[in-house]
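Now for the letters of each chain:
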Amino acid sequence: MARIPPGLIINPAPGVRYKVPAVKKLTKELILKDKVKFQKNRLGAATCLTEMSLMMACWKENDFKDSACAKEIAAFHKCTQEATKERRRVKEADLKGVVQEGRLSSRNTNKLLQRFPHPVKPH
């Protein structure tokens, strides 16, 4: 029987060989940094799409006359005002440090990391 070179494993299928990856040693300890990179909060789903599409469909049916589509226009404006209030509320909560949607913002993460820094080991 032929000798198998170290690092190679022969598959039960004849002639098929796989190289075994080498195990890398850690050069540094796994330690969190005391800061994270600033990232803007990702935008969620677009708001008021239904109201906007209804308003545009009404305009198309009525040759773009605002007077015929007053109800749809009012509904769209009401929806945008509510969405703006919600965005402001989320931003204010972020500034106060309240967790939104189960995730910390980078600002709040940095505040926590500064409050509880990683102890520095003497070399």
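All values derive from a computational prediction rather than experimental measurement.

(A) Looking closely at the overall build of the chain. Each helix and strand counted, the chain has three helices and two strands in total. Relative to its 123 residues, the chain shows a buried fraction of 12%. Partitioning the contacts of the chain with sequence separation of at least 6, the portion at a separation of at least 24 is 42%. Entry remark: accessible area of the chain is about 11800 Å², with carbon and sulfur atoms responsible for 60%.

(B) Spatial organisation of the state of the cysteines. Counted according to the given criterion, the structure contains two disulfides. Disulfide pairing places Cys 48 opposite Cys 79 at an S-S distance of 2.0 Å. Residues Cys 48 and Cys 79 are joined through a disulfide that is left-handed, its torsion about the S-S bond being -95°. Placement of Cys 48 in the loop between β2 (17-19) and α1 (49-61) and of Cys 79 in helix α2 (residues 70-96) is noted, with a sequence separation of 31 residues between them. Each member of the pair, Cys 48 as well as Cys 79, is classed as buried.

(C) Up close: helix α3 (residues 106-115). Among the residues of α3, those classed as buried are Ser 106, Asn 108, Asn 110 and Leu 113. Looking at the buried side of α3, the elements it contacts are α2.

(D) Representation of a nonpolar patch on the surface in the model. Nonpolar side chains collect at one region of the surface, where Val 99, Leu 104, Leu 112 and Phe 116 lie side by side and expose about 360 Å² of accessible area between them. Summarising the element assignment, Leu 104 is placed in the loop between α2 and α3. For Leu 104, a relative accessible area of 39% gives the class partly exposed.

(E) Inspection of the environment of Val 36 at higher detail. Relative to the helices and strands, Val 36 resides in the loop between β2 and α1. In sequence terms Val 36 and Arg 107 are 71 residues apart; their C-alpha atoms lie 8.6 Å from each other. Apart from the residues lying within four places of it in its own chain, the contact partners of Val 36 are Ser 106, Thr 109, Asn 110 and Leu 113.

(F) Highlighting α2. With 27 residues, α2 should cover 39 Å at 1.5 Å per step; its first-to-last C-alpha distance of 39 Å lies within 8% of that length. Inspection of α2 places Ile 73, Phe 76, Cys 79, Ala 83, Ala 93 and Asp 94 among the buried residues, and these make up the whole buried set. Downstream of α2 by one or two residues, Gly 97 has phi in the positive range, about 95°.

(G) View of the side chain of Asn 110. By secondary structure assignment, the location of Asn 110 is in helix α3. The buried category is assigned to Asn 110, whose relative accessible area is 15%. Side-chain polar atoms of Asn 110 contact the backbone nitrogen of Val 36, separated by 2.7 Å. Among residues more than four places away in sequence, those in contact with Asn 110 are Lys 35 and Val 36.

What counts and what doesn't
Residues numbered from 1 in each chain as written. Predicted model: local features only at pLDDT ≥ 70, side-chain atom pairs only at ≥ 80, totals over all residues. Heavy atoms only, no water. Helix = DSSP H or I, 4+ residues; strand = E, 2+ residues; numbered from the N terminus. Buried < 20%, exposed > 50% of the residue type's maximum accessible area, 1.4 Å probe, protein only. Contact = heavy atoms within 4.5 Å. Areas by Shrake-Rupley, 256 points an atom, 1.4 Å probe, with all protein chains shown as cover. Disulfide = S-S within 2.5 Å. Patch = residues over 30% accessible without salt bridge, like charges linked within 9 Å, V, L, I, M, F, W, Y side chains within 5 Å. Salt bridge = Lys/Arg side-chain N within 4 Å of Asp/Glu carboxyl O. Expected span 1.5 Å × (residues − 1). Polar contact = N/O pair within 3.5 Å; in protein donor to acceptor, adjacent residues only side chain to side chain.

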